[in-house]
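# Architecture and fold: a report
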Amino acid sequence: MLKVEDLSVHYGGIHALQGIGLEVKDGSIVSLIGANGAGKSTTLRAIVGLVKPSGGRVSWNGEPLGGLPTKDIVSRGVCLVPEGRHVFPNLTVDENLTLGAYARSDKPGIAADRKKVFGFFPRLEQRATQKAGTLSGGEQQMLAVGRALMTRPKLLMMDEPSLGLAPLIVKMIFDIVRQINREGVTVLLIEQNAKAALEIADDAYVLETGRITLHGPGRALLQDDAVRRAYLGEG
Ligand code: ATP
């Protein structure tokens, strides 16, 4: 289980996270929704050690992650698919996937995971030798998810996977997230697409200007009046 307690992050004078707490139980899908600038990306970046918190604790299966280098957090099974995909445009699809496994030495395991990624995303297999920079936005998102899967994560964290994608591709990405979860990977998802994020979530949190303001099962938050007004464009 991932446990975040009283986590604070400052960027200079900006208090971006003001003591947030959340839990991600093994095997679940948890969504964190909120407006632009609420602190969603900062939360994920702090969990993987890409920004240094000014206070609070993050633990994974009881072990504190605070202070560990990102690579050591990833090697414990906690992996982030960053916003904007960040695939290597001049490398091929296959090379990008191989890089995802750079810290592993179990060749048969790596080969099996590559096969699994191509099973999830047959389009990537068709484009295995193509440069990643020539892929569509949706394909680059698939590749970013595939690369993360090559680390064999136990917890997959995704920063706005639907950003800038056509509705059909968004649906496909969310279907794959469900499938990945069914295979035993725990998921923490942040999204501006609140509807899709709440529909898929066992548990969800609303973040507003650095604080958690609501928490409950995804389906319950979908019915919540304040959530419907603020995030689902209703009423
Ligand atoms: P978005 O969906 O736009 O990424 P978000 O909810 O993920 O929004 P964050 O990116 O975490 O929000 O930003 C939270 C706050 O921290 C915002 O006020 C933002 O301007 C500020 N911030 C984020 N990164 C930095 C940085 N590197 N330096 C200074 N301020 C930052």
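Worth saying up front: this structure is predicted, and the values here are computed from it rather than measured.

For the rest of this paragraph, the subject is the pairing of strand E6 (residues 78-81). Alternating positions in E6 separate into two faces, Val 78 and Leu 80 on one and Cys 79 and Val 81 on the other, with burial throughout. In this sheet, strand E7 (residues 155-159) lies alongside E6 in parallel orientation, the contact comprising four bridges. Across the sheet, residue Leu 80 finds its bridge partner in E7, namely Met 157.

All right, on to the site of the ligand then. Neighbouring the ligand are 14 residues, the closest being Asn 36, Gly 37, Lys 40, Ser 41 and Thr 42. With respect to the ligand, the side chain of Glu 83 contributes an N or O atom lying 3.4 Å from an oxygen atom. Between Gln 192 and the ligand, the recorded distance is 3.4 Å, taken from a side-chain N or O atom to an oxygen atom. Elements represented by at least two residues in the shell around the ligand include exactly strand E2 (14-24) and helix H1 (40-47). With three residues, H1 is the largest single contributor of residues to the shell around the ligand.

Here Thr 129 lies in the loop between helix H5 (122-126) and helix H6 (137-149). For the pair Thr 129 and Val 227, spaced 98 residues apart in sequence, the C-alpha separation works out to 44 Å.

All right, on to the pairing of strand E4 (residues 55-60) then. The sheet contact formed by strand E1 (residues 2-11) and E4 spans five bridges and is antiparallel. Its bridge partner being in E4, Lys 3 is matched across the sheet by Ser 59. Remark: two residues form the turn of the hairpin made by E4 and strand E5 (residues 63-64), two consecutive strands paired antiparallel; Asn 61 in that turn has positive phi of roughly 50°.

In spatial order, the strands read E2-E1-E4-E5; together these four strands make up an open sheet with antiparallel pairing. Lying at the two open borders of the sheet, with one neighbouring strand each, are E2 and E5. Pairing of E1 with E2, which is carried by eight bridges, proceeds in the antiparallel orientation. Residue Tyr 11 lies in a different strand from E2, and its bridge partner there is Ile 14. Packed on one face of the sheet, H1 meets E1, E2 and E4 and runs near 115° to E1.

So, on to the UniProt feature "domain: ABC transporter" (unreviewed entry) in the chain. As recorded in UniProt, the sites labelled "domain: ABC transporter" (unreviewed entry) are residues 2-234. Taken end to end, residues 2-234 is 39% helix and 26% strand, and its two terminal C-alpha atoms sit 33 Å from one another.

Next up on the list: the side chain of Thr 186. In this fold, Thr 186 is placed in strand E8 (residues 186-191). Accessibility expressed as a relative area gives 4% for Thr 186, which makes it buried. Engagement of the side chain of Thr 186 in a polar contact is seen with the backbone nitrogen of Gly 27, the distance being 2.8 Å. Leave out the neighbours within four places in its chain, and Thr 186 touches Val 24, Lys 25, Asp 26, Gly 27, Ser 28, Lys 154, Leu 155, Leu 156 and Asn 181.

Pairing within the open sheet is mixed, and its six strands lie in the order E6-E7-E8-E3-E9-E10. Strands with a single pairing partner mark the edges of an open sheet, and in this sheet they are E6 and strand E10 (211-216). For this sheet the average axis-to-axis angle between neighbouring strands, irrespective of direction, equals 20°. Along the sheet, H1 contacts strand E3 (29-33), E6, E7, E8 and strand E9 (203-208); its crossing angle with E8, the most-contacted strand, is approximately 145°. This element, H6, spans E6 and E7 of the sheet and lies at about 165° to E6.

A separate point is the pattern of salt bridges. Taken as a whole and judged by the stated rule, the model has 14 salt bridges. In this structure, Asp 113 engages Arg 104 in a salt bridge whose closest nitrogen and oxygen atoms are separated by 2.7 Å. With relative accessibility at 7%, the residue Asp 113 sits in the buried group. Among the salt bridges present, the one from Lys 116 reaches Glu 183, with a minimum N-O distance of 3.6 Å. Placement of the pair is Lys 116 in helix H4 (residues 107-120) and Glu 183 in the loop between helix H7 (167-182) and E8, with a sequence separation of 67 residues. Residue classification places Glu 183 among the partly exposed positions, given a relative accessible area of 47%. One network of salt bridges, in which partners are shared, links Arg 104, Asp 106, Asp 113 and Arg 152.

Thresholds applied
Residues numbered from 1 in each chain as written. Predicted model: local features only at pLDDT ≥ 70, side-chain atom pairs only at ≥ 80, totals over all residues. Heavy atoms only, no water. Buried < 20%, exposed > 50% of the residue type's maximum accessible area, 1.4 Å probe, protein only. Helix = DSSP H or I, 4+ residues; strand = E, 2+ residues; numbered from the N terminus. Pairing = 2+ DSSP bridges. Near = heavy atom within 4 Å. Polar contact = N/O pair within 3.5 Å; in protein donor to acceptor, adjacent residues only side chain to side chain. Contact = heavy atoms within 4.5 Å. Axes fitted to C-alpha atoms, helices over the stretch in contact; angles between N-to-C directions. UniProt positions renumbered as here; feature names shortened; annotations may be inferred. Salt bridge = Lys/Arg side-chain N within 4 Å of Asp/Glu carboxyl O.

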